[in-house]
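Below, each chain spelled out in residue letters.
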Protein chains: 2
Amino acid sequence: MDTSIRQPTAEHPANVTSHDVARAAGVSQSTVSRVLRGDPRVAAATRERVLAAVDAMGYVPSDVGRSLSTRSTRSIAIVVTDLSNVFYPYLIAPLHQETSAQNYRMVLFTEEVEPLVEGNQSQAPAGEDEISPLLDRLLNRSMDGVILTTSRLDSSVPKVLSRRGMPFVFLTRLVEGVAADSAVVDNSLGASLATSEALRLGHQRFGAIFGPSDTSTGRDRERGTRAALAAAGVELPDRMVRHSPFTYQSGYRAMVDLMAENPRPTVVICANDLVAIGAFNATNTLGLRVPDDVSIVGFDDLPMAAWQVFDLTTVRQPMEEMAKTAVRLLIDRIEGRTESSATRQIVFEPQLVMRGTLAPPPAGGATETARSDPPAQQLTTSP
Amino acid sequence: MDTSIRQPTAEHPANVTSHDVARAAGVSQSTVSRVLRGDPRVAAATRERVLAAVDAMGYVPSDVGRSLSTRSTRSIAIVVTDLSNVFYPYLIAPLHQETSAQNYRMVLFTEEVEPLVEGNQSQAPAGEDEISPLLDRLLNRSMDGVILTTSRLDSSVPKVLSRRGMPFVFLTRLVEGVAADSAVVDNSLGASLATSEALRLGHQRFGAIFGPSDTSTGRDRERGTRAALAAAGVELPDRMVRHSPFTYQSGYRAMVDLMAENPRPTVVICANDLVAIGAFNATNTLGLRVPDDVSIVGFDDLPMAAWQVFDLTTVRQPMEEMAKTAVRLLIDRIEGRTESSATRQIVFEPQLVMRGTLAPPPAGGATETARSDPPAQQLTTSP
DNA sequence: ACAGCTTGTGCATACGTAGTCAAGAGTTCT
DNA sequence: AGAACTCTTGACTACGTATGCACAAGCTGT
């Protein structure tokens, strides 16, 4: 009959548990649990009484208690690198939408560039993994599964997750040599679509700002572009190529750099939209007009690609659909709806979105700066 | 001596617990716990033995077990509305950085517009709160605290959190009538800075695209602009004012609409950068030049405001600092470092960032479309 | 040599929920 | 009327970690 056996920690006043509700309703804790889980084996009258007590006391079941008991946290980890990249919101929004719809929670993690700690316990026992802070947080059973969106090709994370039997899915980027479900666009095809269209419009002098070679997106888009050029017998000399991170700044700088080449390219294929927009702004600074002086092509089709001032020709990848697919693949696996052996690789079709930044090359193909030089200087175009 | 009493659920193969480690190391579970928590009262030799077992078995402590025991989850909820708004990455990135640095986890939630469920249990017992799905997830003790970034002024969430004793902080936007820590910029001052500068440059015919009136940011920025204009005796007729959500699209549309007014404003004060960029793009479509034909001012100073093509004059709010401050305020409160009575309202200084979109009005003050009309038509400028 | 202290360790329990098992009360069937 | 059932409920335990308490062993000082 005492009001409370457990002292309520005084910190969070009303820390009502199912035991408290049970006592108030004059039933056992099991019955409270059954009522709340919707178990049919409860008499209607009892159910009413319990629900009344729940309401009166403002009881909210503890998720932690439930997780411990069910060994499921209904939480999904999203691992990204550069959170401030404008690319992410368009991935995170649909990810959140889908996880939420499936009654899962979404937790963000960033994969720090692993700083290769000095051989602390380098002689770890056979079969053991180095547990980085990130891996620790993914493996401490607070997460039911993981979505990897930004793995570099050499990341150890997927390997460890795989070895530990932690469900995970690749989204956007892949890491090879690890069997896992994935949702990606055909990056190589996308890049070749854009490149082929530029060729069709008559471009012969290509420039490219490719992404980092240690990402599958960077590498595959580069491959697609090179393949399309090779098929057309058009060369892409090294001096027309830059590699840079997927950022505005690096796109800007690479473009300034490329435009100093002589003769300069008539079209520049960019690693993604953000890089392309950086490049676009560089042309603005340099006093060059797009597409009159130089054409630009992006990749992703972010909403801002369609903004009037850019009107960027780009390759669309269905990010929303990809994100939602990734969540579904993952939850299927978490909830055991996937035969554990086979992995599912979902590859989406890219689509070329024609807008205003890709047009035929300037008439004559000569550039302004090239005018003062003898034409076809370093050009080795095969006809 | 039996290898395992508990059958390992067969689902996640290696589900090693501290008991397993203890058995392997020949110590008690308590000792394992103490070693891992860094408790000094453990003999060096024992510590070694335990750590060796931990390594060999790849043991990772269960966060759920720990949370249940410590009644702390080290998780912070971030509540936002429109996740795909480009504004958020610049908030989320520093939030994540700081939570991560303080060894907390960051979980994203969205506040759906509460659909006002039909009076289900409208006669809830006195003092009881309607628990929406969001509130349920915030109150189920899986979160140590909450950062509210987008509350509309009429949101019930802060009130309920407050009544339940759940620590929370307002970031960017406020809700009045609820005592809570907050980190916001002085929106009113910021807007008046921008407006005053436009006045100083000679503008007399103002237009404004204000934000939603049910947000503190929208309302306060509107107030600041109106106050500055009133102080200068300059009118802001209703036909020169639009209210719209904080989005690109709505900025674009409102600007098209405003530019059809006759005479049209010589400067348009925008609710934030995204709206301003929408407005900027609209001028582009309409064939108007910025700032030659019309000046535009934003608010926020997103990185893209500095992009060459925009070069947007705007009011900077230190989002990174604000975000990190919010996290610190919250963690102080969670960890009981704040006297529970007093709340801390941190107000940051806005700063006008002069760039290229704000300049003196067109010479003569007459606009092209106004040329066909008698000048000073509806103008009631006091000298 | 003995009281008192320090150090190191294990035992037992709390945290809040889910779910297993058993038991009591009623019901139906033969 | 007794057997077999169904329905409803409570007692109990598992989940994995942290920690208060007790206790054993070693150590110090007089």
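Calculation notes
- Residues numbered from 1 in each chain as written.
- Chains lettered and ligands numbered in written order.
- Predicted model: local features only at pLDDT ≥ 70, side-chain atom pairs only at ≥ 80, totals over all residues.
- Heavy atoms only, no water.
- Least-squares fit on C-alpha atoms with pLDDT ≥ 70 in both.
- Contact = heavy atoms within 4.5 Å.
- 1 Å grid on protein atoms, 1.4 Å probe; cavity = no way out; pocket = protein on both sides within 12 Å on 5 of 7 lines; lining within 4 Å.
- Points joined across faces, edges and corners; volume = space filled by probe spheres on them.
- Helix = DSSP H or I, 4+ residues; strand = E, 2+ residues; numbered from the N terminus.
- Nonpolar A, V, L, I, M, F, W, Y, C, P; charged D, E, K, R; others polar.
- Buried area = accessible area lost by both parts, 1.4 Å probe.
- Salt bridge = Lys/Arg side-chain N within 4 Å of Asp/Glu carboxyl O.
- Polar contact = N/O pair within 3.5 Å; in protein donor to acceptor, adjacent residues only side chain to side chain.
- Near = heavy atom within 4 Å.
- Domains from an automatic or database assignment.
- Axes fitted to C-alpha atoms, helices over the stretch in contact; angles between N-to-C directions.
- Parallel < 35°, antiparallel > 145°, perpendicular 65-115°, else oblique.
- Left-handed = near helix turned anticlockwise from the far one by under 90°.
- Phe/Tyr/Trp six-rings, centres within 6.5 Å; stacked < 30°, edge-to-face > 60°.
- Buried < 20%, exposed > 50% of the residue type's maximum accessible area, 1.4 Å probe, protein only.
- Lys NZ or Arg CZ within 6 Å of the ring centre and 35° of its normal.
- Pairing = 2+ DSSP bridges.
- Arc of directions from axis to C-beta.
- pLDDT = per-residue confidence, 0-100.

### Thoughts on the relation of the copies chain A and chain B
So, step 1. The transform that puts chain A on chain B rotates by 180 degrees and translates by 0.1 Å along the axis, for an RMSD of 0.2 Å. Given the turn and translation reported, the copies of this chain are related as if by a two-fold rotation axis. Every residue of chain A has its C-alpha some distance from the rotation axis, and the shortest such distance is that of Val107 of chain A, at 2.3 Å.
So, step 2. In this assembly the copies share their binding face: 100% of the residues contributing to the interface of chain A also contribute to that of chain B.

### Let's talk about empty space enclosed by the protein
So, step 1. Inspection of every chain in the model, using the stated rule, returns four cavities of 30 Å³ or more.
So, step 2. Taken as a whole, the largest cavity holds about 170 Å³ of empty space.
So, step 3. Lining the largest cavity are 18 residues; nearest its centre among them are Arg105 and Ser142 of chain A together with Val64, Arg105 and Ser142 of chain B.
So, step 4. Secondary structure elements with two or more residues in the lining of the largest cavity: helix H4 (63-70) and strand E2 (105-110) of chain A together with helix H4 (63-70) and strand E2 (105-110) of chain B.
So, step 5. For the lining of the largest cavity, a count of residues per class yields six nonpolar, eight polar and four charged.

### Brief notes about the interface of chain A and chain B
So, step 1. Taken residue by residue, the interface counts 62 residues in chain A and 62 residues in chain B.
So, step 2. Counting the surface lost from both chain A and chain B, the interface buries some 5400 Å², and carbon and sulfur atoms represent 60% of this.
So, step 3. It is Val60, Arg141 and Trp307 of chain A that lose the most area in chain A upon contact with chain B, and together they represent 13% of the buried surface on that side.
So, step 4. Linking chain A to chain B there are zero salt bridges.
So, step 5. Across the chain A-chain B interface, the total number found is 24 residue pairs in polar contact (both at pLDDT 80 or more).

### A closer look at the protein's contact with DNA strand C
So, step 1. For DNA strand C, the set of nearby residues contains 30 residues, the closest of which are His19, Tyr59 and Ser69 of chain A together with Ser30 and Thr46 of chain B.
So, step 2. A share of 64% is what sugar and phosphate atoms reach among the atoms of DNA strand C within 4 Å of the protein.
So, step 3. Ser18 of chain A places a polar main-chain atom, nitrogen or oxygen, 2.6 Å from a phosphate oxygen of DNA strand C.
So, step 4. The contact in question runs from a sugar or linking oxygen of DNA strand C to an N or O atom on the side chain of Ser69 of chain A, over 2.6 Å.

### Thoughts on unusual backbone geometry
So, step 1. For the bond from Val290 of chain A to Pro291 of chain A, the omega torsion is 5 degrees, close enough to zero to count as cis.
So, step 2. Relative to the helices and strands, Pro291 of chain A resides in the loop between helix H11 (273-286) and strand E9 (295-297).
So, step 3. In this model, Asp300 of chain A sits at a positive phi of 125 degrees, which is unusual for a non-glycine residue.
So, step 4. Checked against the element boundaries, Asp300 of chain A lands in the loop between E9 and strand E10 (314-316).
So, step 5. Phi angles above zero are rare outside glycine, and Asp311 of chain B is one such case at about 50 degrees.

### Quick look at the domain arrangement of chain A
So, step 1. Taken domain by domain, chain A consists of domain 1 (18-61), domain 2 (75-113 + 133-184 + 319-349) and domain 3 (187-317 + 352-364).
So, step 2. Between the C-alpha centres of domain 1 of chain A and domain 2 of chain A there is a distance of 37 Å.

### Details of the packing of helix H8 (residues 187-200) of chain B against helix H9 (residues 216-232) of chain B
Residue and element names in this part refer to chain B.
So, step 1. At a minimum axis distance of 7 Å, the contact between H8 and H9 shows a crossing angle of 40 degrees. Considering their axes alone, H8 and H9 lie oblique with respect to each other. Here H8 runs over H9; the crossing is right-handed. Residues Asn187, Ser188, Ala191, Ser192, Thr195, Ser196 and Leu199 of H8 lie in contact with H9, whose contacting residues are Thr217, Asp220, Arg221, Arg223, Gly224, Thr225, Ala228, Leu229 and Ala232.
So, step 2. A breakdown of the residues in the contact of H8 with H9 according to their chemical character gives five nonpolar, eight polar and three charged.

### Looking at the packing of aromatic side chains
So, step 1. Per the counting criterion, the structure on display carries 15 aromatic pairs over all chains.
So, step 2. Ring plane angle 0 degrees and centroid distance 4.5 Å describe the contact between Trp307 of chain A and Tyr248 of chain B, whose orientation is recorded as stacked. Taken as a pair, Trp307 of chain A in the loop between E9 and E10 and Tyr248 of chain B in helix H10 (residues 248-258) lie in two separate chains rather than in one. Of the two residues, Trp307 of chain A and Tyr248 of chain B, both sit in the buried class.
So, step 3. Among the aromatic residues, those joined into a cluster by ring pairs are Tyr248, Tyr252, Phe280, Trp307 and Phe310 of chain A together with Tyr248, Tyr252, Phe280, Trp307 and Phe310 of chain B.
So, step 4. Directly above the aromatic system of Tyr104 of chain B lies the positively charged group of Arg74 of chain B, at a separation of 4.3 Å from the ring centroid.

### Here we look at the sheet that holds strand E8 (residues 267-270) of chain B
Residues and elements named next belong to chain B.
So, step 1. A sheet is described by the order of its strands in space; here four strands give the open sequence E7-E6-E8-E9, paired in parallel fashion. Each edge of the sheet is formed by a strand with only one pairing partner; in this case those strands are strand E7 (241-243) and strand E9 (295-297). Each neighbouring strand pair of the sheet contributes to a mean axis angle of 15 degrees, computed without reference to strand direction.
So, step 2. Across the sheet, H9 touches strand E6 (206-210), E7 and E8, and the angle it forms with E6 is around 165 degrees.
So, step 3. Across the sheet, H10 is in contact with E6, E7, E8 and E9; its angle to E6 comes to roughly 155 degrees.

### Overview of helix H2 (residues 29-37) of chain A
All names here are of chain A.
So, step 1. For H2, every residue scored as buried is listed here: Thr31, Val32 and Val35. Seen along its axis, H2 keeps its buried residues to an arc of 100 degrees; they face one direction.
So, step 2. In the core, the buried residues of H2 are packed alongside helix H1 (18-25) and helix H3 (44-57).
So, step 3. Remark: Gly38 follows H2 within two positions and exhibits a positive phi of approximately 80 degrees.

### Observations concerning the protein's contact with DNA strand D
So, step 1. Surrounding DNA strand D, one finds 30 residues, the nearest of these being Thr46 of chain A together with Ser18, His19, Tyr59 and Ser69 of chain B.
So, step 2. Considering the 4 Å shell around the protein, atoms of DNA strand D inside it are sugar or phosphate in 62% of instances.
So, step 3. Arg37 of chain B is positioned with one of its side-chain polar atoms (N or O) 3.1 Å from a phosphate oxygen of DNA strand D.
So, step 4. Between DNA strand D and the protein, one listed contact pairs a sugar or linking oxygen with a side-chain N or O atom of Ser69 of chain B at 2.7 Å.
So, step 5. With five residues, helix H2 (residues 29-37) of chain B is the largest single contributor of residues to the surface near DNA strand D.
So, step 6. Grouping the amino acids of the surface near DNA strand D by side-chain chemistry returns six nonpolar, 17 polar and seven charged.

### Some points on the confidence of the model for chain A
For residues with low pLDDT, the predicted coordinates do not support detailed interpretation.
All names here are of chain A.
So, step 1. Here chain A shows a mean pLDDT of 87. Residues at 70 or above account for 87%.
So, step 2. For residues 1-13, every residue scores under 50 in pLDDT, and the model assigns this stretch nine contacts once sequence neighbours within four places are set aside.
So, step 3. Contacts for the low-pLDDT stretch residues 114-127, under 50 throughout, to residues beyond four places or in other chains number eight contacts.

### Topic: the sheet that holds strand E7 (residues 241-243) of chain A
All names here are of chain A.
So, step 1. Across the sheet, which stays open at both edges, the four strands sit in the order E7-E6-E8-E9 with parallel pairing between neighbours. In this open sheet, the two strands that pair with only one neighbour each are E7 and E9. Looking at each pair of strands side by side, their axes are set apart by 15 degrees on average, direction ignored.
So, step 2. Inspection of the sheet shows strand E8 (residues 267-270) paired to E9 by three bridges, in the parallel sense. Bridge pairing in E9 places Val268 opposite Ile296.
So, step 3. Running at roughly 155 degrees to strand E6 (residues 206-210), helix H10 (residues 248-258) makes contact with E6, E7, E8 and E9 of the sheet.
So, step 4. Relative to the sheet, H11 contacts E6, E8 and E9, its axis offset from that of E9 by approximately 160 degrees.

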